[in-house]
Amino acid sequence: MSERGPASGVLIGRVAVVFGATGWLGAAICRELASAGASVVMVGRNADRLDELQRELGSSDRILTAIADVTSQLDVDDAREAAIARFGHVDLLVVSSGVVTSSAFEDGVPADWGEMIDVNLRGLLHASQTFAEPLLRSTDGGGRADLVLIGAVGTDVSTPRFAVFNAVSAAIKQLARTLRHEYGPRGLRVHIIEPGFTSDTESEHDARRAASPVQPETIAAVVTLAAGLPRGANLAEVLLLPTETA
C-alpha cells in the first residue's frame, strides 16, 4: 500500500482499470489506487505477477485481476467485460503498458521499433477506445471519469539514442491533447503524465524502471491526485521531474 498508510478514501466508489499492472509502474499505481479506496482491475500478461500483487494487496472484493495482452483487441475486450461484470461500471482508466529500447538510430532494430509501436501506441489506442464508452457513460450520469496516459519527458527534451521511443511518446501526447478537446465537453478528463528520463539508461524491454529518475510511487500519487480532483477540473499535462533537475 501507499506510504500514506490506510486508504485515504479520496477514490472510494471509483472503479479503476490499470493496464500494465505487473510492470514496475503499473504495480505502484494499483497499490496507490487501492490505498485511496478505489476498486481496481489489474490487467497484465503475467499471471504469476498478477497473483503475487493480489496477495500483496490482501483479500478484498475491491481487487480483480485480468490476464490480457494490450496489443490484442480480443484480450482488451475481455478485460472490459470482466471489469463491468464484477463492478458494474468503470470510471478510471490508466494505461501504463510500455516497453523501452534505445540505440543510435543507425543501429536500431526494426523489430524493437515494432514492439514499441505495438505496445506503447497501438495497445494504448486499443485500451483507450475500448473503455471510452463506459467512461463516458459515467460522465453522462453526472460522475467523474478519467483517462490517464503515461508518456515521457522525451517529447519535449530530445534525448539521444531514444529517437523512436520519443517519436512514439510524442504521438501519445498528441492523442491526449486531441482526446481532451473531443471528450472534455462531455465531462471526461484526459490526463498525460510525463516522467523524466535519463539519457544514459541501458536498453531494456521491461518498461521504464531504470529509465526514470522519478520513483514509481511518486508517479502513482500524481495519478491519484488527478483522479481525485473535483468534477470540472483537469490536471491535463504533468511534467514530472526530480527536484535536482535544472
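Owing to the predicted nature of the structure, the values given are computational and were not obtained by experimental measurement.

### Digging into the pairing of strand 1 (residues 15-19)
Part 1 of the reasoning: Among the five residues that make up strand 1, five are buried, leaving the element largely enclosed by the rest of the structure.
Part 2 of the reasoning: Of the two faces of strand 1, both are covered, the one formed by Val-15, Val-17 and Phe-19 as well as the one formed by Ala-16 and Val-18.
Part 3 of the reasoning: You can see the chain leave strand 1, run along helix 1 (residues 24-35) and come back into strand 2 (residues 39-44), and the turn it takes is right-handed.
Part 4 of the reasoning: Sheet topology places strand 1 next to strand 4 (residues 92-95); four bridges connect them, and they run parallel. Residue pairing across strands places Val-18 opposite Val-94, the latter belonging to strand 4.

### Quick notes on the confidence of the model for the protein chain
Part 1 of the reasoning: Summarising the model, the protein chain shows a mean pLDDT of 87, and 87% of its residues fall at 70 or more.
Part 2 of the reasoning: A low-confidence stretch, residues 1-7 stays under pLDDT 50, and its non-local contacts, those more than four residues away or across chains, total 16 contacts.
Part 3 of the reasoning: Note that pLDDT drops below 50 for residues 198-212; the model gives that stretch 43 contacts with residues more than four away or on any other chain.

### Concerning the environment of Trp-113
Part 1 of the reasoning: When you line up the elements, Trp-113 lands in helix 4 (residues 110-140).
Part 2 of the reasoning: On the accessibility criterion, Trp-113 (24% relative accessible area) is partly exposed.
Part 3 of the reasoning: Here the alpha-carbon distance between Trp-113 and Thr-101, two residues twelve residues apart in the chain, equals 7.9 Å.
Part 4 of the reasoning: Setting aside chain neighbours within four positions, we find Trp-113 in contact with Phe-105, Gly-108 and Val-164.

### Describing the nonpolar core
Part 1 of the reasoning: Residues Val-17, Phe-19, Val-41, Val-43, Val-90, Leu-93 and Leu-149 are the most contacted members of the largest nonpolar core, which totals 44 residues.
Part 2 of the reasoning: Ignoring anything within four residues of it in the chain, the contact list for Val-17 reads Val-41, Val-43, Ala-83, Val-90, Leu-92, Leu-93, Val-94 and Phe-131.
Part 3 of the reasoning: Core analysis: the second largest hydrophobic core is formed by 33 residues, Leu-50, Val-214, Ala-220 and Val-238 among them.

### Looking at the packing of helix 3 (residues 73-87) against helix 4
Part 1 of the reasoning: Closest axis-to-axis distance for the helix 3/helix 4 pair is 9 Å, and the angle between their directions is 25°. One way to sum up the angle between helix 3 and helix 4 is to call them roughly parallel. Crossing angle aside, the handedness with which helix 3 passes helix 4 is right-handed. Side by side, helix 3 and helix 4 meet where Gln-73, Val-76, Asp-77, Ala-79, Arg-80 and Ile-84 of the first sit next to His-126, Ala-127, Thr-130, Phe-131, Glu-133, Pro-134 and Arg-137 of the second.
Part 2 of the reasoning: Here the residues of the contact of helix 3 with helix 4 sort into six nonpolar, three polar and four charged.

Cut-offs and rules
Residues numbered from 1 in each chain as written. Predicted model: local features only at pLDDT ≥ 70, side-chain atom pairs only at ≥ 80, totals over all residues. Heavy atoms only, no water. Buried < 20%, exposed > 50% of the residue type's maximum accessible area, 1.4 Å probe, protein only. Helix = DSSP H or I, 4+ residues; strand = E, 2+ residues; numbered from the N terminus. Right-handed = clockwise from strand over helix to strand, strands pointing away. Pairing = 2+ DSSP bridges. pLDDT = per-residue confidence, 0-100. Contact = heavy atoms within 4.5 Å. Core = buried A, V, L, I, M, F, W, Y, C linked by side-chain atoms within 4.5 Å. Axes fitted to C-alpha atoms, helices over the stretch in contact; angles between N-to-C directions. Parallel < 35°, antiparallel > 145°, perpendicular 65-115°, else oblique. Left-handed = near helix turned anticlockwise from the far one by under 90°. Nonpolar A, V, L, I, M, F, W, Y, C, P; charged D, E, K, R; others polar.

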